[in-house]
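Coordinates in review
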Amino acid sequence: MSETADKTAKEKVYSEAEIADRLAKELPKWYYENGWIRRKYKTHSWKSTLMVINTVGHLAEAAWHHPDITASYAWVEVRLMNHAAKGITDKDFELAKKIEDVVQWQPAREGGALEGTPLTDQRFAYIKYD
């Protein structure tokens, strides 16, 4: 058995009740449906949608755990499930948290040198932050 297959065999697959509990505690904007944990991000334009898709793609590739993505002009839906384990595992929760942190990041709220996208000028509208 390969190292990857051996690690996958040991991964805990969460029950629907455990998934609901973790999402409520850790990722309240995500939900479980049809075997996937999901999140829809609303954007202001196609350009913003593409930036979200590229961000998710970068994080997924770096993590070596790949979501399904559906998109339209002003939204992106991210779906996570560990295909090898045939269910939701810690990999899904960890990648969802990283995606959430990066996509929802608002530098201006941190009070540092980064001012962030101007929220009062619609010309620069990007993500519809929750």
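Presented here is a report on the structure given in the accompanying data block. (Residues numbered from 1 in each chain as written. Predicted model: local features only at pLDDT ≥ 70, side-chain atom pairs only at ≥ 80, totals over all residues. Heavy atoms only, no water.)

1. Looking at the pairing of strand β2 (residues 36–42)
For β2, the tally of buried residues reaches five of seven residues, placing the bulk of the element in the interior. With three bridges joining them, strand β1 (residues 31–33) and β2 adopt antiparallel strand pairing. Bridging across to β2, glutamate 33 finds its partner in tryptophan 36. (Buried < 20%, exposed > 50% of the residue type's maximum accessible area, 1.4 Å probe, protein only. Helix = DSSP H or I, 4+ residues; strand = E, 2+ residues; numbered from the N terminus. Pairing = 2+ DSSP bridges.)

2. Structural notes on the packing of helix α3 (residues 46–63) against helix α4 (residues 90–103)
For the pair α3 and α4, interaxial distance at closest approach is 10 Å and the crossing angle is 145°. Pair α3 / α4 crosses with right-handed handedness. Together, Val52, Thr55, Val56, Leu59, Ala60 and Ala63 of α3 and Leu95, Lys98, Ile99, Val102 and Val103 of α4 make up the contact between the two elements. Residue classes in the contact of α3 with α4 are distributed as nine nonpolar, one polar and one charged. (Axes fitted to C-alpha atoms, helices over the stretch in contact; angles between N-to-C directions. Left-handed = near helix turned anticlockwise from the far one by under 90°. Contact = heavy atoms within 4.5 Å. Nonpolar A, V, L, I, M, F, W, Y, C, P; charged D, E, K, R; others polar.)

3. Some details on the packing of aromatic side chains
According to the stated counting rule, one finds one aromatic pair in the structure shown. Judged by centre distance (5.4 Å) and plane angle (90°), the rings of tyrosine 14 and phenylalanine 93 are edge-to-face. Of this pair, tyrosine 14 sits in the loop between α1 (3–10) and α2 (16–26) while phenylalanine 93 sits in helix α4, and the two are 79 residues apart along the sequence. Considered together, tyrosine 14 and phenylalanine 93 belong to a single accessibility category, that of buried residues. A cation over an aromatic ring shows up here: arginine 22 above the ring of phenylalanine 93, its NZ or CZ 4.0 Å from the ring centre. The positively charged end of lysine 40 is found above the aromatic ring belonging to tryptophan 75, 4.2 Å away from the centroid. (Phe/Tyr/Trp six-rings, centres within 6.5 Å; stacked < 30°, edge-to-face > 60°. Lys NZ or Arg CZ within 6 Å of the ring centre and 35° of its normal.)

4. Topic: the environment of glutamate 110
Tracing the backbone shows glutamate 110 in the segment after α4. Only 2.8 Å separates the side chain of glutamate 110 from the side chain of tryptophan 105, close enough to count as a polar contact. (Polar contact = N/O pair within 3.5 Å; in protein donor to acceptor, adjacent residues only side chain to side chain.)

5. Section: the nonpolar core
Among the nonpolar cores identified, the biggest contains 24 residues, and Trp30, Ile37, Val78, Phe93 and Ile99 are the most heavily contacted of them. Those elements giving two or more residues to this core turn out to be α2, β2, α3, β4 (75–80) and α4. Of all the elements, α4 adds the most residues to this core, at five residues. Contacts of isoleucine 37, omitting those with residues within four sequence positions, involve Ile19, Leu23, Trp30, Tyr31, Tyr32, Val78, Arg79, Leu80, Ile88, Asp92, Phe93 and Ala96. (Core = buried A, V, L, I, M, F, W, Y, C linked by side-chain atoms within 4.5 Å.)

Scope: geometric values only; no functional claims are made or implied.
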